[in-house]
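Each chain, written out:
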Amino acid sequence: MNKKYLLIFACLLLLLAGCSSASAANANSSEGSEDRVMIGNAIAIDAPEELTLLENKETLAADGLYYATWVAGNSVPYKNSDGETIDLYDAQLYFLASETSKEESAQEYCSTWLAAAKKNYDVQTEKSITCNDYSYTLIKYNCISEDNPYDRGVSAFGVCGNTAVCAEFTCLKNYEGDLESILTSLLDNCYHNTKE
């Protein structure tokens, strides 16, 4: 069972580390970052004004996996490890949710994601936080993979009912925004429908 979770997380890391190839037009849509975004069936998010929604995907919905991406700052063309030229933003926040049939399964996902993050990043600090009545493990780290263009980041891992959550906010070296403050603001405005 753990191999399945590791495989899913490895695929997601490749997807996220390679950066999104969505067009800049999506990031500059008239909807703006103030609109509530639904992620899967159980989560709604009002993102902070510093962030602009880039994409909201249900690519792995059959497996109960959903993700959304917000960006901050300007974008520049960047050639990723696959040789594709994509838009690289000053900062990018990925929000991943895994809807499961029971809380124990959600906890397994969360633990697996946290362990993978600790393995793939140079973790500087780790602490517990509470946002909107839910507990998260928050880590701050430096990005050490040669395939990842970002310099540093902060991630939060938690379980909300039967849903595992991973929010990862990474940035370039010159980004001046407060990563932890923006991420916790997003989590404070993350609403979970835990009713069956």
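Below, the structure is looked at part by part. The shown structure was predicted, so the numbers you read here are calculated from the model rather than taken from an experiment. Per-chain numbering applies: the sequence of each chain, read as written, is numbered from 1 onward. Per-residue local features are limited, in this predicted model, to residues with pLDDT of at least 70; the limit for side-chain atom pairs, both in listing and counting, is 80 or more; totals at the level of whole chains, interfaces and linings are taken over all residues. Note that water and hydrogens are dropped before the side-chain values are worked out from all heavy atoms of the structure.

### Some thoughts on the sheet that holds strand β2 (residues 43–45)
In this analysis, strands are considered paired if DSSP registers two or more bridges between them. Helix and strand labels come from DSSP, where a helix needs a run of H or I of at least four residues and a strand needs a run of E of at least two; each type is numbered from the N terminus. Strand order in this open sheet of 3 strands is β1-β2-β10, and the pairing throughout is antiparallel. In this open sheet, the two edge strands, each paired with only one partner strand, are β1 (37–39) and β10 (190–192). Put simply, the sheet's adjacent strands are angled 25 degrees from each other on average, direction ignored. Two strands pair when backbone bridges link them, and β1 and β2 are joined in this way by 3 bridges, in the antiparallel orientation. Its bridge partner being in β2, Val37 is matched across the sheet by Ile45. Note on geometry: axes are lines fitted to C-alpha atoms, helical ones only across the stretch in contact, with angles between N-to-C directions running from 0 to 180 degrees.

### Remarks on unusual backbone geometry
Phi angles above zero are rare outside glycine, and Asn132 is one such case at about 50 degrees. If you trace the backbone, Asn132 turns up in the loop between β6 (121–131) and β7 (134–143). Using a relative accessible area of 27% as the deciding quantity, one classes Asn132 as partly exposed. At Asp133, a residue that is not glycine, the phi angle is positive and equals roughly 70 degrees. You can see Asp133 is positioned in the loop between β6 and β7. In this scheme, a residue with accessible area under 20% of its type's maximum is buried, one over 50% is exposed, and one in between is partly exposed, where area comes from a 1.4 Å probe on protein chains only. We classify Asp133 as exposed; its relative accessible area is 74%.

Any functional reading would require information beyond the geometric quantities listed.
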